[in-house]
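# A closer look at the structure
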Amino acid sequence: MSHIATFLTITLKLVFLTFTWFQLSSSLDVGCDLFQGTWVAGAGPIYYVPMCPFVDKQFDCAGNGRPDKVYLKYTWKPNNCKLPKFSGVNFLRRFQGKRILFVGDSLSLNQWESLACMLHASVPQSNYTIKKTGGVSTFYMPEYNMSLMLSRNALLVDLIVDRKRGRVLKLDSIKNGKSWKGFDMLVFNSWHWWVHKGRQTPWDYIEFGGEVYKDMDRLKAYELGLRTWSNWVDSNINSLKTRVFFQGISPTHYNGTKWNNASPKGSTCYGETKPVRGSVYPGPDLPAVAVVKRVLRNMTTPVQLLDVTTLSALRKDGHPSAYGIGGKKGNDCSHWCLAGVPDTWNQLLYATLLAKGFHLIPK
């Protein structure tokens with residue numbers, strides 16, 4: 001009798017998941033580009049920070065005193081299809097018993113916290129746990145035995161401390177990749193720390209091919225580092241067992257002239273309350289995007305790019321600005337408010353997972 005009950009349970013689960021997949025995937029088209037579209041006024045966010053207590057203070061713009069709330073109500077609308085509604089329960093069922101790892105800088109932290117909040121809002125009574133061990137943070141939902149993890153690694157390749165030379169960035173070494181094995185899904189990200197200069201430069205020297213440099217062209221260094229990462233993925237990841245994503249390049253908004261704002265008050269994201277109109281960002285393209293696409297094209301392991309640059313560039317209103325840590329201190333036009341833009345990144349991640357391998361129906 002127990003075998004019959006188990007069989008029926010498994011069958012019902014498969015029927016439910018198949019039906020859910022059909023419902024959600026039917027809102028897309030095979031030729032749809034999810035990453036081209038416009039921001040439109042919509043409903044409220046999927047979650048509110050007071051109900052998601054593990055959001056970092058630096059991302060809690062409303063809690064830090066941001067007076068406007070319209071930035072919470074914009075929805076991403078692809079040009080030629082509908083973006084499937086995010087279902088946290090379906091996501092959790094899909095990844096029941098699985099482990100997901102985000103690897104990257106504080107923009108990865110932004111997206112990881114966003115997804116954790118979205119899942120928590122779907123199952124608010126969950127006896128979740130959240131802990132940090134070394135450089136790895138883990139959000140765990142025991143009801144689904146699902147782990148959502150974050151490994152802070154801003155450069156992906158190795159950064160070592162040498163007694164004589166100090167911090168050395170080794171562009172052709174990636175020993176830290178050992179800790180990325182064995183996951184069901186990996187979401188990588190790296191860019192922002194490659195362009196920091198002066199006292200914020202994260203290294204003292206760069207090493208590549210046995211040669212040591214005091215510095216080099218940052219875009220060149222970035223590409224060399226990404227190629228080392230791509231070789232590691234091609235050599236160590238079985239695409240039949242692990243799905244791999246690259247988070248994409250998140251833009252900053254420190255120069256208002258890029259969105260045709262000549263006003264001194266609008267010279268950064270401070271005071272911005274609305275997205276750029278339309279679907280084309282008037283500023284120049286980030287050259288790092290071309291580097292990422294070139295590296296991914298030359299890989300043997302399929303890596304899905306979450307091409308969030310353009311849609312995020314339109315959201316000059318989405319940053320903490322003066323409402324980051326402590327409120328009204330500094331002007332953060334690099335990270336994103338939560339709730340906010342990273343929620344859309346995760347909706348696109350979800351939609352991409354749904355669409356993979358399915359023939360999709362136009363709206």
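Residues numbered from 1 in each chain as written. Predicted model: local features only at pLDDT ≥ 70, side-chain atom pairs only at ≥ 80, totals over all residues. Heavy atoms only, no water.

For the rest of this paragraph, the subject is the overall build of the protein. In terms of helices and strands, the protein carries seven helices and 13 strands. By residue count, 52% of the 363 residues in the protein fall in the buried class. Here the analysis covers contacts within the protein between residues at least 6 apart in sequence; of these, 77% occur between residues at least 24 apart. For the protein, the accessible area works out to roughly 17600 Å², and carbon and sulfur atoms hold 55% of it. (Helix = DSSP H or I, 4+ residues; strand = E, 2+ residues; numbered from the N terminus. Buried < 20%, exposed > 50% of the residue type's maximum accessible area, 1.4 Å probe, protein only. Contact = heavy atoms within 4.5 Å. Areas by Shrake-Rupley, 256 points an atom, 1.4 Å probe, with all protein chains shown as cover.)

On to the pattern of salt bridges. A full pass over the atoms with the stated rule returns 11 salt bridges. Of the charged contacts in the structure, one is a salt bridge between Asp307 and Lys293, with a shortest N-O distance of 3.2 Å. You can see Asp307 sitting in the loop between β13 (303-305) and α6 (309-313) and its partner Lys293 sitting in helix α5 (residues 287-297), a full 14 residues away along the chain. With a closest N to O distance of 2.8 Å, Asp317 and Arg315 form a salt bridge. For Arg315, a relative accessible area of 2% puts it in the buried group. Salt bridges linked by common partners bring Asp162, Arg165, Lys170 and Glu207 together as one network. (Salt bridge = Lys/Arg side-chain N within 4 Å of Asp/Glu carboxyl O.)

A separate point is the confidence of the model for the protein. Of all residues in the protein, 85% have pLDDT values of 70 or greater, and the mean over the chain is 87. A low-confidence stretch, residues 5-27 stays under pLDDT 50, and its non-local contacts, those more than four residues away or across chains, total 24 contacts. For the stretch residues 357-363, pLDDT sits under 50, and the model shows 20 contacts to residues farther than four places along the chain or on other chains. (pLDDT = per-residue confidence, 0-100.)

Take the state of the cysteines next. Taken as a whole and judged by the stated rule, the model has four disulfides. Covalently, Cys32 is tied to Cys81 through a disulfide, its sulfur atoms 1.7 Å apart. Here the residue Cys32 occupies a position in the loop between α1 (2-25) and β1 (37-41), and Cys81 occupies one in the loop between β2 (74-78) and α2 (88-94), the gap between them amounting to 49 residues. For the pair shown, Cys32 and Cys81 are each scored as buried. Between the sulfur atoms of Cys61 and its disulfide mate Cys337 the distance is 2.0 Å. Given an S-S torsion of about -95°, the disulfide between Cys61 and Cys337 has left-handed geometry. (Disulfide = S-S within 2.5 Å.)

Let us now look at the nonpolar core. By size, the foremost hydrophobic cluster in this structure holds 62 residues, and its most contacted members are Phe91, Leu119 and Leu148. When residues no more than four places from it in sequence are discounted, the contact partners of Phe91 are Phe86, Ile100, Leu115, Leu119, Tyr350 and Leu353. In this structure, Met149, Phe246, Ile249 and Leu296 belong to the second largest nonpolar core, which totals 38 residues. (Core = buried A, V, L, I, M, F, W, Y, C linked by side-chain atoms within 4.5 Å.)

Once that is clear, we can look at the pairing of strand β10 (residues 205-208). Sheet analysis places strand β8 (residues 166-170) next to β10, joined by three bridges and oriented parallel. Its bridge partner being in β10, Lys170 is matched across the sheet by Glu207. As paired strands, β10 and strand β11 (residues 211-213) are joined by three bridges and run antiparallel to one another. Residue pairing across strands places Glu207 opposite Val212, the latter belonging to β11. Taken together, β10 and the strand that follows it, β11, pair antiparallel across an intervening segment of two residues, in which Gly209 is found at a positive phi of about 60°. (Pairing = 2+ DSSP bridges.)

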